[in-house]
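Letter by letter, the chains look like this.
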Amino acid sequence: MDPELINDCVHCGFCLPTCPTYVLWGEEMDSPRGRIHLMKQHVEGTPITPEMAGHFDACLGCMACVTACPSGVRYDRLIEQTRVEVEREHVREPQERAVRGIVFSLFPYPRRLRLLRPAMGLARRMAAFLERAHPSLGAMAALAPRVERRQRLPRLVRARGERRAVVGMLTGCVQREFFPQVNAATARVLALEGCDVVIPPEQGCCGALSVHSGLDRQAGRLARRTAEVFERAGVDTVVVNAAGCGSTMKEYAGLLGREPGFRVMDLSEYLAELGPVAKRHPLPLTVAYHDACHLAHAQGVRAQPRELLSGIPELELREIPESAICCGSAGTYNLLRPQAARDLGDRKAASVRTTGAELLVSANPGCTMQIAAAMRRAGTDIRVAHTAEVLDASLRGVAL
């Protein structure tokens with residue numbers, strides 16, 4: 001933990017109303033400034049106790065406090081450094097170690113996730129039973145999405161019309177196996193806007209889940225492999241359609257010990273910079289846009305997705321109340337801290353319902369699963385789509 005970063009915090013309290021766990025529980029040690037106080041204690045010699053580890057584990061890493069902080073405190077760096085320390089020093093209970101072992105030996109590996117696809121429907125039906133066995137297993141089952149037919153993407157998708165750019169595309173882990181239609185839509189949108197899209201088939205996990213959970217060795221290994229794959233592909237820009245992946249890849253210099261040979265941009269960020277050329281067809285829909293934390297807070301990308309959606313004829317964009325408060329997904333948080341995540345998911349679902357929108361648009365697969373599950377619990381099975389899917393439907397002139 002960096003003492004200089006810790007000392008940047010003046011404990012003013014501006015972060016409190018933006019912190020999901022403080023909003024839920026009102027506990028000082030479950031606020032950013034409270035956790036920073038615990039970090040300071042550890043730097044000054046206090047060992048990490050189970051109670052301290054619990055407060056650090058309870059943080060979603062949503063970075064809303066970074067947005068709110070008037071002093072520019074880099075809480076994002078502090079919590080990532082702290083989680084590495086927790087994993088090195090704190091001895092977890094056997095059952096907790098087992099659950100974390102399952103999560104981190106499964107989710108960063110697309111081929112292993114692929115084995116789960118046929119069992120998704122059964123998992124949802126068994127969620128109540130699995131929850132009795134362990135809350136994390138129940139949460140994993142309840143979050144299972146309705147997966148579409150797996151789509152194989154070619155190594156290269158050619159630009160439609162005049163070629164304006166060449167970009168790489170990250171396919172991800174959860175996105176690739178549980179939401180293949182999002183990757184297909186992303187490639188089509190980029191091609192329709194004049195991009196050659198390079199999709200290396202040998203790519204794997206970018207390391208985001210491991211970074212956010214303090215598993216620095218696994219994160220470094222996965223990041224190096226991903227960087228090498230795209231550097232061999234010879235692209236100078238990699239477009240990412242998952243918020244958590246994009247925020248991690250933009251910080252690759254720290255993981256790699258060098259600057260990668262490409263820049264990383266979120267899909268909406270890149271399309272806004274490129275500018276539209278393809279014709280937008282009308283989509284008569286009311287849409288609520290959800291700000292994924294690792295897009296809005298970690299990457300500062302807020303206006304671009306709204307600009308893209310607002311550019312579609314006959315589409316009405318509606319804002320969600322408390323949009324800055326995390327939905328509770330937060331990478332693996334909804335699996336490792338299922339009750340807190342459920343409370344936040346229910347809060348977000350209630351906010352979404354007030355919009356009266358027909359469609360919820362999100363830019364992160366974890367958010368999509370989390371909010372869809374919360375809406376199902378509330379008896380409202382709202383349709384959820386990625387920004388890429390909405391743009392794809394408009395550009396092709398098809399119903400969504």
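Let me begin by describing the structure that accompanies this report. Note that the coordinates shown come from a computational prediction; the quantities given were computed from them, not determined experimentally. (Residues numbered from 1 in each chain as written. Predicted model: local features only at pLDDT ≥ 70, side-chain atom pairs only at ≥ 80, totals over all residues. Heavy atoms only, no water.)

1. Description of a nonpolar patch on the surface
Short version of the rule: Residues form patches when they are more than 30% accessible in relative terms and have no salt bridge. Like charges link within 9 Å. Nonpolar side chains (Val, Leu, Ile, Met, Phe, Trp, Tyr) link within 5 Å. Here the accessible surface of atoms and residues is derived via Shrake-Rupley with a 1.4 Å probe, and residues count as covered only by protein chains that are part of the display. Each reported salt bridge corresponds to a side-chain nitrogen of Lys or Arg within 4 Å of a carboxyl oxygen of Asp or Glu. Helical segments are the DSSP runs of H or I of at least four residues, strand segments are the runs of E of at least two, and each set is numbered from the N terminus.
A cluster of nonpolar side chains, contributed by Leu 122, Met 126 and Phe 129, occupies part of the molecular surface with about 270 Å² of accessible area. Of note, Phe 129 is situated in helix H10 (residues 127-133).

2. What to know about the layout of surface pockets
Selection rule: Cavity and pocket criteria rest on a 1 Å grid covering protein atoms alone: a 1.4 Å probe that fits but cannot get out defines a cavity, protein on both sides within 12 Å along at least 5 of 7 lines defines an open pocket, and an atom within 4 Å of a point defines a lining residue. Grid points are joined across faces, edges and corners, and a volume is the space filled by probe spheres set on the points. The residue classification treats Ala, Val, Leu, Ile, Met, Phe, Trp, Tyr, Cys and Pro as nonpolar and Asp, Glu, Lys and Arg as charged. All others, Gly included, are polar.
In this model, the largest pocket occupies a volume close to 770 Å³. What lines the largest pocket is a set of 47 residues, among which Phe 107, Val 174, Gly 331, Leu 335 and Met 369 lie closest to the centre. Looking at the lining of the largest pocket, the element that brings in the most residues is helix H23 (residues 365-377), giving four residues. Residues that form the lining of the largest pocket fall into these classes: 34 nonpolar, 12 polar and one charged.

3. Some words on the packing of aromatic side chains
Applied cut-off: Any two rings among Phe, Tyr and Trp, with Trp reduced to its six-membered ring, count as a pair given centres within 6.5 Å; such a pair is stacked if its planes are under 30 degrees apart, edge-to-face if over 60, and tilted if neither. By the criterion adopted, a ring carries a charge over it if an Arg CZ or a Lys NZ lies within 6 Å of its centre and within 35 degrees of its normal.
Taken as a whole, this structure holds one aromatic pair when the rule is applied. Sitting over the face of the ring of Tyr 109, Arg 112 holds its NZ or CZ atom 4.0 Å from the ring centroid.

4. Let's talk about the packing of helix H18 (residues 267-274) against helix H20 (residues 303-310)
Going by this rule: Note on definitions: angles span 0 to 180 degrees between N-to-C directions of axes, and those axes are lines fitted to C-alpha atoms, for helices only across the stretch in contact. For any pair of crossing helices, the crossing counts as left-handed if the nearer helix is rotated counterclockwise from the farther one by less than a right angle, and right-handed if it is rotated clockwise. Whether two residues touch is decided by their heavy atoms; if any such pair falls within 4.5 Å, the residues are in contact.
At their nearest, the axes of H18 and H20 sit 8 Å apart, and the two run at 65 degrees to each other. By crossing handedness, the relation of H18 to H20 is classed as left-handed. Note on element contacts: H20 touches H18 through Gln 304, Pro 305, Glu 307 and Leu 308, opposite Ser 268, Glu 269, Leu 271 and Ala 272. For the contact of H18 with H20, the residue count by class is four nonpolar, two polar and two charged.

5. Concerning empty space enclosed by the protein
Tallying each qualifying case throughout the model produces four cavities of 30 Å³ or more. Here the largest cavity is characterised by a volume of approximately 150 Å³. Looking at the largest cavity, it is lined by 18 residues, and the ones nearest its centre are Cys 9, Cys 15, Ile 36, Cys 69 and Val 73. Listed by contribution, the elements that provide at least two residues to the lining of the largest cavity are helix H3 (32-43) and helix H5 (64-68). Of the residues forming the lining of the largest cavity, the biggest block, three residues, is contributed by H3. A per-class count over the lining of the largest cavity returns 13 nonpolar, three polar and two charged. In this structure, the second largest cavity occupies an estimated 80 Å³ of space. Breaking the lining of the second largest cavity down by element, the ones donating at least two residues are helix H2 (20-25), H3 and H5. Looking at the lining of the second largest cavity residue by residue, the classes come out as 10 nonpolar, three polar and one charged.

6. Side note on the nonpolar core
Put simply, the rule is: Nonpolar core, defined: a set of buried Ala, Val, Leu, Ile, Met, Phe, Trp, Tyr and Cys residues in which side-chain atoms within 4.5 Å join the residues together. Only protein chains enter the calculation, and the probe is 1.4 Å; a residue is then buried if its accessible area is under 20% of its type maximum, exposed if over 50%, and partly exposed in between.
Grouped together as the largest cluster of nonpolar side chains are 52 residues, with contacts concentrated most on Leu 190, Val 197, Tyr 270 and Val 390. Counting residues per element, this core draws most heavily on helix H13 (residues 180-192), which supplies six residues. Residues contacting Val 197, with those up to four places away along its chain left out, are Arg 155, Leu 156, Val 157, Val 167, Met 169, Ala 187, Leu 190 and Ala 191. Among the nonpolar cores identified, the runner-up in size contains 23 residues, and Phe 178, Phe 179, Leu 222 and Ala 373 belong to it.

7. Re H20
Within the span of H20, buried status applies to Gln 304, Pro 305, Arg 306, Leu 308 and Leu 309. Where the residues of H20 are buried, they touch H18, strand S6 (285-289), helix H19 (293-296), strand S7 (315-319), strand S8 (359-362) and helix H24 (387-396).

8. Overview of the sheet that holds S8
Strands pair in a sheet through their backbones, by hydrogen bonds, and they do so in one of two ways: parallel or antiparallel. Convention followed: Should DSSP find at least two bridges between two strands, the strands are regarded as paired.
Strand order across the open sheet formed by four strands is S7-S6-S8-S9, with parallel pairing between neighbours. Each edge of the sheet is formed by a strand with only one pairing partner; in this case those strands are S7 and strand S9 (383-386). Across the sheet, the mean angle separating the axes of adjacent strands is 35 degrees when strand polarity is ignored. Both S6 and S8 contribute to a ladder of three bridges, which runs parallel. Residue Tyr 289 lies in a different strand from S8, and its bridge partner there is Val 361. Together, S6, S7, S8 and S9 form the strand contacts of H24, whose direction differs from that of S9 by roughly 85 degrees.

9. Here's the deal with the pairing of S6
Most of S6 sits out of view: five of its five residues are buried. With burial as the criterion, each face of S6 is covered, one bearing Leu 285, Val 287 and Tyr 289 and the other bearing Thr 286 and Ala 288. Direction of pairing for S6 relative to S7: parallel, over a ladder of five bridges. Bridge pairing in S7 places Val 287 opposite Leu 317.

10. Details of the sheet that holds strand S2 (residues 165-169)
Read from one edge of the open sheet, five strands run S1-S3-S2-S4-S5, paired in mixed fashion. Looking at which strands have only one partner, the edges of the open sheet turn out to be strand S1 (156-157) and strand S5 (263-266). The pairing of S2 with strand S3 (residues 195-198) spans four bridges and is classified as parallel. Considered in S3, the bridge of Val 167 is made with Val 197. Across the sheet, H13 is in contact with S1, S2, S3 and strand S4 (237-240); its angle to S3 comes to roughly 145 degrees.

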